[in-house]
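Here are the chains, one letter per residue:
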Amino acid sequence: MADLMVDDYLDAMDEILDKAQSFPLSSKKSLVDVDQLRECIDHIRMNIPNEMKQAKKIVLERKSIIDEANRQAEEIINRAESRKNTLIAENEITRAAQAKAAEIEKQALMKAKAVKSAADEYIVDTLSKAEETLTASITAIKRTKGTIKAPRTSMPMQNIPQQPVQR
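All figures in this text were calculated on a predicted structure; none of them were measured in a lab.

Trainee: How would you explain helix α1 (residues 6-19) if you had to name every residue and give the values?
Mentor: For α1, built from 14 residues, the straight-helix expectation of 20 Å at 1.5 Å per residue is met to within 8% by its first-to-last C-alpha distance of 20 Å. Here α1 has its buried residues at Val6, Tyr9, Leu10, Ala12, Met13 and Ile16. Projected down its long axis, α1 shows its buried positions confined to an angular sector of 155°, all on one face. Across α1 from its buried face, at more than 90 degrees, point the exposed residues Asp18 and Lys19.

Trainee: Give a description of a negative patch on the surface that names residues and reports values.
Mentor: A contiguous patch of negative charge on the surface is contributed by Asp7, Asp8, Asp11, Asp14 and Asp18. Looking at the secondary structure, you find Asp7 in helix α1.

Trainee: I'd like to hear about the pattern of salt bridges, residue by residue, with values.
Mentor: Across all of its chains, the model carries 9 salt bridges by this definition. One salt bridge in this structure joins Glu15 and Lys19, with 2.9 Å as the shortest N-O distance. Of this pair, Glu15 and Lys19 both sit in helix α1, separated by 4 residues, roughly a single helical turn. Owing to a relative accessible area of 62%, Lys19 belongs among the exposed residues under this scheme. A salt bridge links Lys116 to Asp120; the nearest nitrogen and oxygen atoms lie 3.0 Å apart.

Trainee: If you had to explain the nonpolar core to someone new, which residues and values would you point to?
Mentor: Val6, Leu10, Met13, Cys40, Ile44, Ile48 and Ile141 are the most contacted members of the largest nonpolar core, which totals 14 residues. Elements represented by at least two residues in this core include exactly α1, α2 (34-90) and α3 (94-149). Sort the elements by how many residues they give to this core and α1 lands first, with 6 residues. With near-sequence residues (within four places) excluded, Leu10 lies in contact with Ile44, Ser137, Ala140 and Ile141.

Trainee: An account of the packing of α1 against α3 is requested, with residue identities and associated values reported.
Mentor: In contact at an axis separation of 10 Å, α1 and α3 are set at 25° when each is read in the N-to-C sense. The pairing of α1 with α3 is recorded here as roughly parallel in orientation. When you trace α1 past α3, the crossing you get is left-handed. Mapping the contact onto sequence places Val6, Asp7, Leu10 and Met13 in α1 and Ser137, Ala140, Ile141 and Thr144 in α3. When its residues are assigned to classes, the contact of α1 with α3 shows 5 nonpolar, 2 polar and 1 charged.

Trainee: Account for the environment of Ile77, naming residues and giving values.
Mentor: Inspection of the secondary structure assignment puts Ile77 in helix α2. The residues touching Ile77, leaving out its near neighbours within four places in the chain, are Ala108 and Leu109.

Trainee: I'd love a proper account of the side chain of Ser137, names of residues and values included.
Mentor: Mapped onto the fold, Ser137 is located in helix α3. Judged by its relative accessible area of 1%, Ser137 is buried. Discounting residues that sit within four places of it in the chain, Ser137 has contacts with Val6, Asp7 and Leu10.

Reading the values: the criteria
- Residues numbered from 1 in each chain as written.
- Predicted model: local features only at pLDDT ≥ 70, side-chain atom pairs only at ≥ 80, totals over all residues.
- Heavy atoms only, no water.
- Helix = DSSP H or I, 4+ residues; strand = E, 2+ residues; numbered from the N terminus.
- Expected span 1.5 Å × (residues − 1).
- Buried < 20%, exposed > 50% of the residue type's maximum accessible area, 1.4 Å probe, protein only.
- Arc of directions from axis to C-beta.
- Patch = residues over 30% accessible without salt bridge, like charges linked within 9 Å, V, L, I, M, F, W, Y side chains within 5 Å.
- Areas by Shrake-Rupley, 256 points an atom, 1.4 Å probe, with all protein chains shown as cover.
- Salt bridge = Lys/Arg side-chain N within 4 Å of Asp/Glu carboxyl O.
- Lys, Arg positive; Asp, Glu negative; His and termini not counted.
- Charge placed at Lys NZ, Arg CZ, Asp CG, Glu CD.
- Core = buried A, V, L, I, M, F, W, Y, C linked by side-chain atoms within 4.5 Å.
- Contact = heavy atoms within 4.5 Å.
- Axes fitted to C-alpha atoms, helices over the stretch in contact; angles between N-to-C directions.
- Parallel < 35°, antiparallel > 145°, perpendicular 65-115°, else oblique.
- Left-handed = near helix turned anticlockwise from the far one by under 90°.
- Nonpolar A, V, L, I, M, F, W, Y, C, P; charged D, E, K, R; others polar.

Structure (structure tokens):
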């Protein structure tokens, strides 16, 4: 069970609960293998930080994508500025050169904005999926903890069958 992810451990916990023997005359009380359940919970605790590391990695990738988009935008703007200056210096038709440079600069800014928007959308989508996975895992853990910690006041102790002590 060492290579399983959080969802797999939650499935294993469901299976343990499904296989649990019910108490006589009770539909809500069951006996479960506490050691198996604790092992699953421990594995979940060890794997949740991995999923959080993945979310942090995604955030860092977002920064890298945005930095690269900004670098490309700056490079495009610098090339446009250089081209604009060259056209002004070499041509008698200054107005045409200025208009062309402005258009190139405008397109560069639009392209940079589009690249940044696409990167942001990808990051938000990926983080939303990670958030959904973590939320589902936490909800399942809380539900399981609640089931385990549920008060057992509805059944008197004398109705619990005694099992012989094995030595």
